[in-house]
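The chain contents come next:
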Amino acid sequence: MFVIAVGHSTAADMEICATALVAQTTAQLHGETPHAALLFSTFGLDHATLLRELKRQWPDCSIVGGSSYGEVSRALGYRLGSSLLILFASDTIEIRTGVLRNLRGDDELAQADSIERQLGHLRAPSEQPALGLLLPDGLGVDGTSVVRNIANVLPKTPLFGGSTAENLQNQRTLQFFETEILEHAVPYLLFFGPLRFSWSVTQGLSAGWDPVSERLDAVCEGRFIRTIEGEPVFDYLTTRYPVEGRDWSYVHPFAIYPDRASDDHLLCDVIRFDTATGMLECAQSLPSLCQIQLTEPDPPAIVRAARRNLLQTLANDAELTPAAGVLWFSCVNRALVLEKDPADEYRAATEGLVTQMPIVGFQTYGEIAPRGPAGDPFYYSCTLVTLLLGEVPRPTGLAADAASAISTANLKLRNQALAESLKAAQDELEQLRLKLSESESVARLTMHGRTEQRLRYRALALDLLCEILDSRFNDVRRVAIKGDALRLNKSGLARLIDEQHRRRHDAPFPLTIAQLARLLSPGMDQE
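Okay, so let's go over this structure. Owing to the predicted nature of the structure, the values given are computational and were not obtained by experimental measurement. (Residues numbered from 1 in each chain as written. Predicted model: local features only at pLDDT ≥ 70, side-chain atom pairs only at ≥ 80, totals over all residues. Heavy atoms only, no water.)

Brief notes about the overall build of the protein
The helix and strand inventory of the protein stands at 12 helices and 29 strands. In the protein, once contacts between residues fewer than 6 apart in sequence are set aside, the share between residues at least 24 apart is 80%. When the accessible area of the protein is evaluated, it comes to approximately 24200 Å², of which 52% is carbon and sulfur surface. (Helix = DSSP H or I, 4+ residues; strand = E, 2+ residues; numbered from the N terminus. Contact = heavy atoms within 4.5 Å. Areas by Shrake-Rupley, 256 points an atom, 1.4 Å probe, with all protein chains shown as cover.)

Describing the packing of aromatic side chains
Counted according to the given criterion, the structure contains 10 aromatic pairs. Plain terms: the ring middles of Phe160 and Phe197 are 6.1 Å apart, the flat faces sit at 70° to each other, and that makes the pair edge-to-face. Of this pair, Phe160 sits in strand 9 (residues 159-162) while Phe197 sits in strand 13 (residues 195-202); the two residues are 37 residues apart in sequence, bridging distant segments of the chain. We classify Phe160 as buried; its relative accessible area is 0%. (Phe/Tyr/Trp six-rings, centres within 6.5 Å; stacked < 30°, edge-to-face > 60°. Buried < 20%, exposed > 50% of the residue type's maximum accessible area, 1.4 Å probe, protein only.)

A closer look at the side chain of Ser262
Mapped onto the secondary structure, Ser262 falls in the loop between strand 18 (254-257) and strand 19 (266-268). Take Ser262: its relative accessible area is 17%, and that puts it in the buried class. Polar contacts involving the side chain of Ser262 include one to the main-chain amide nitrogen of Asp264, which spans 3.0 Å. Those residues in contact with Ser262, other than ones at most four positions away along the chain, are Arg215 and Tyr257. (Polar contact = N/O pair within 3.5 Å; in protein donor to acceptor, adjacent residues only side chain to side chain.)

Some thoughts on helix 11 (residues 490-505)
Since the α-helix advances by 3.6 residues per turn, residues separated by three or four positions end up pointing in the same direction. Helix length check: helix 11 (16 residues) gives 22 Å between terminal C-alpha atoms against 22 Å at 1.5 Å per residue, within 8%. Along helix 11, the residues that are buried comprise Lys490, Ser491, Gly492, Leu493, Ala494, Leu496, Ile497, Asp498, Gln500 and His501. Asp506 sits one or two residues past helix 11 and shows a positive phi near 55°. (Expected span 1.5 Å × (residues − 1).)

A look at the state of the cysteines
Per the stated rule, a full pass over the model turns up zero disulfides. No disulfide involves Cys220; its sulfur sits 3.8 Å from that of Cys290, the nearest cysteine. Unpaired in terms of disulfides, Cys331 finds its nearest cysteine sulfur in Cys382, a separation of 4.7 Å. (Disulfide = S-S within 2.5 Å.)

Considering the pairing of strand 13
A regular strand places its side chains on the two faces of the sheet in alternate fashion. With six of its eight residues buried, strand 13 lies for the most part within the structure. Note that strand 13 and strand 27 (residues 384-391) share eight bridges and pair antiparallel. From the neighbouring strand, Val201 faces strand 27, where its bridge partner is Val385. (Pairing = 2+ DSSP bridges.)

Comments concerning the sheet that holds strand 1 (residues 2-9)
Ordered by their spatial adjacency, six strands build an open sheet running 1-6-2-3-10-11, and the pairing between neighbours is mixed. Lying at the two open borders of the sheet, with one neighbouring strand each, are strand 1 and strand 11 (180-182). Averaged over all pairs of adjacent strands, the angle between their axes in this sheet comes to 15°, without regard to strand direction. Those strands touched by helix 1 (residues 14-29) are strand 1 and strand 6 (83-90), and its axis lies near 150° from that of strand 1. In the packing of helix 2 (residues 47-57) onto the sheet, contacts are made with strand 2 (36-42), strand 3 (62-68), strand 6, strand 10 (175-177) and strand 11, and the angle to strand 2 comes to roughly 155°. (Axes fitted to C-alpha atoms, helices over the stretch in contact; angles between N-to-C directions.)

A look at the packing of helix 1 against helix 2
Running from N to C, helix 1 and helix 2 point in directions that differ by 40°, and their axes come no closer than 9 Å. In terms of orientation, helix 1 and helix 2 fall into the oblique class. When you trace helix 1 past helix 2, the crossing you get is right-handed. Here Met14, Glu15, Cys17, Ala18, Leu21 and Val22 of helix 1 come into contact with helix 2, specifically with Thr49, Leu50, Arg52, Glu53, Leu54 and Gln57. For the contact of helix 1 with helix 2, the class distribution of residues is seven nonpolar, two polar and three charged. (Parallel < 35°, antiparallel > 145°, perpendicular 65-115°, else oblique. Left-handed = near helix turned anticlockwise from the far one by under 90°. Nonpolar A, V, L, I, M, F, W, Y, C, P; charged D, E, K, R; others polar.)

Some points on the pattern of salt bridges
Taken as a whole and judged by the stated rule, the model has 19 salt bridges. With a shortest N-O distance of 2.9 Å, Arg504 and Asp463 are connected by a salt bridge. Of the two residues, Arg504 is situated in helix 11 and Asp463 in helix 9 (residues 400-471); the sequence distance between them amounts to 41 residues. Taking relative accessible area as the criterion, Asp463 reaches 37% and is therefore assigned partly exposed. A salt bridge links Arg472 to Glu499, with the shortest nitrogen-to-oxygen separation between them at 2.7 Å. Of this pair, Arg472 sits in the loop between helix 9 and helix 10 (473-480) while Glu499 sits in helix 11, placing them 27 residues apart in sequence. Since its relative accessible area comes to 7%, Arg472 is described here as buried. (Salt bridge = Lys/Arg side-chain N within 4 Å of Asp/Glu carboxyl O.)

Quick notes on the sheet that holds strand 23 (residues 325-331)
Spatially, six strands are ordered 5-4-24-23-27-13 in an open sheet, and the strand pairing comes out mixed. Across the chains shown, the open sheet's two edge strands, defined by having one partner strand only, are strand 5 (77-79) and strand 13. In this sheet, neighbouring strand axes are inclined to one another by 15° on average, regardless of whether the strands run parallel or antiparallel. In this sheet, strand 24 (residues 359-364) lies alongside strand 23 in parallel orientation, the contact comprising six bridges. The residue bridging Val326 from the neighbouring strand is Ile359, located in strand 24. Helix 6 (residues 299-316) contacts strand 13, strand 23, strand 24 and strand 27 of the sheet and is inclined by roughly 155° relative to strand 13.

Section: the nonpolar core
Residues Phe2, Leu38, Phe88, Leu133, Phe191, Ile225 and Leu389 are the most contacted members of the largest nonpolar core, which totals 56 residues. Among the elements that line this core, the one with the most residues is helix 5 (residues 233-238), at four residues. Phe88 has contacts with Phe2, Val3, Ile4, Pro34, His35, Ala36, Leu38, Ile95, Leu189, Phe191 and Leu389, leaving out every residue within four places of it along the chain. Within the second largest apolar cluster, 22 residues are counted, among which are Met14, Cys17, Ala18 and Ala37. (Core = buried A, V, L, I, M, F, W, Y, C linked by side-chain atoms within 4.5 Å.)

Some thoughts on the pairing of strand 20 (residues 270-274)
Bridge count between strand 20 and strand 21 (residues 279-282): four bridges; the pairing is antiparallel. Paired with Arg272 across the strands is Glu281, a residue of strand 21. Between the end of strand 20 and the start of strand 21, which pair antiparallel, lie four residues, with Gly278 showing a positive phi angle near 75°.

And the structure:
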């Protein structure tokens, strides 16, 4: 058996909050003993009291987690200013917890040594976990380096999770381990045994952002962008885009192209301008030479992408027995884009599902998941990661009818997920067809518009020509008629028309002399 129990409370008094979380989760455990817990609580609440009260209730249940900027559950949906408790209980899956401490600065070699010392005992093949959940400091450590170094120690372990967050002040985030409140740390859970899982990552421009620039050459140093198109980054951006003070909006991440010859890309949060260096600080390490695109959010697309993501995770689960639940790690930027209703992403993703399994998590400062089915773990920005967890089915003594009912219920869920995913793909294809049709219509209108404009210019030119013939016939004979055959000189006539336009409107004709000459009657010879 593998059980996930969830408690979610908006109580500001942490003793009352703890009581509510305990009551909610106890009812869902059905007598099982929790072995590990995840705790996410909005930055600024009294986390010390909450941890103390929860540990007093379950002294043998290890607690890891951190501060967040929004929590989600089936019971309350999206909430800011709440606390979310997720308990794990199992008689087959072992869950170990720990914390990597004092991972300060951007010195990757020192960080790698520290991680090796603290996790190196797990290198033995018999000790490799089935899955790891990481909750790194969202500001105090380099998430890209942390994930890479942990993956070097646990090369066969899929890694997931999200970095802790705060109230958008870019000061510090908090990590929880037992009753400790830490910084520059990475709490973790490691799962051993017959764990099954499936996941989906919504990333890149498909996550709900549109490019608003060409791909631009950039020079970077670690997490900092130094130049764009050869100009200092601050100078380049402020001369082209609205930048208040020295801040860059959270909701306009950069699309990063590590390989200039490839369309593969990822989104990267921009944190702030570093006034000391004049460089732009990002949330993760960047290639020293790359290309970037500026972006703008598309809120409806963000909501649609969240629904597709969750349905894909559910459809990827190959088993017919129910899973224990789904963990949700969504970048805080996605909620900021949906400022008028930040609950919209989670609500749209979960409404109407035929399952009531827990779907729980928090808004992060960075998301962790493999890049592709067999890819290395990666630290993302502006992304939604959903992770389904369950137990590999064992032979049961259930009666055939009961087992069939369980399988049928989960099959309905998978069918719903696959059907909606198919419809979403069909809708997207139809949208592309509409855009193509609109583009073709625009092209036709543009062509017709140009024809109409040429006709207007020609009418104006002929009107001016009539004036010239009435009042300046000698000029016409001198400038616009050539040869013994008395043929019209188009260029000379165009110059007369331009001169007449200047006399009438005190401005040159809207076309150049050459363009005006080509505009005149096909029967007129060019000079």
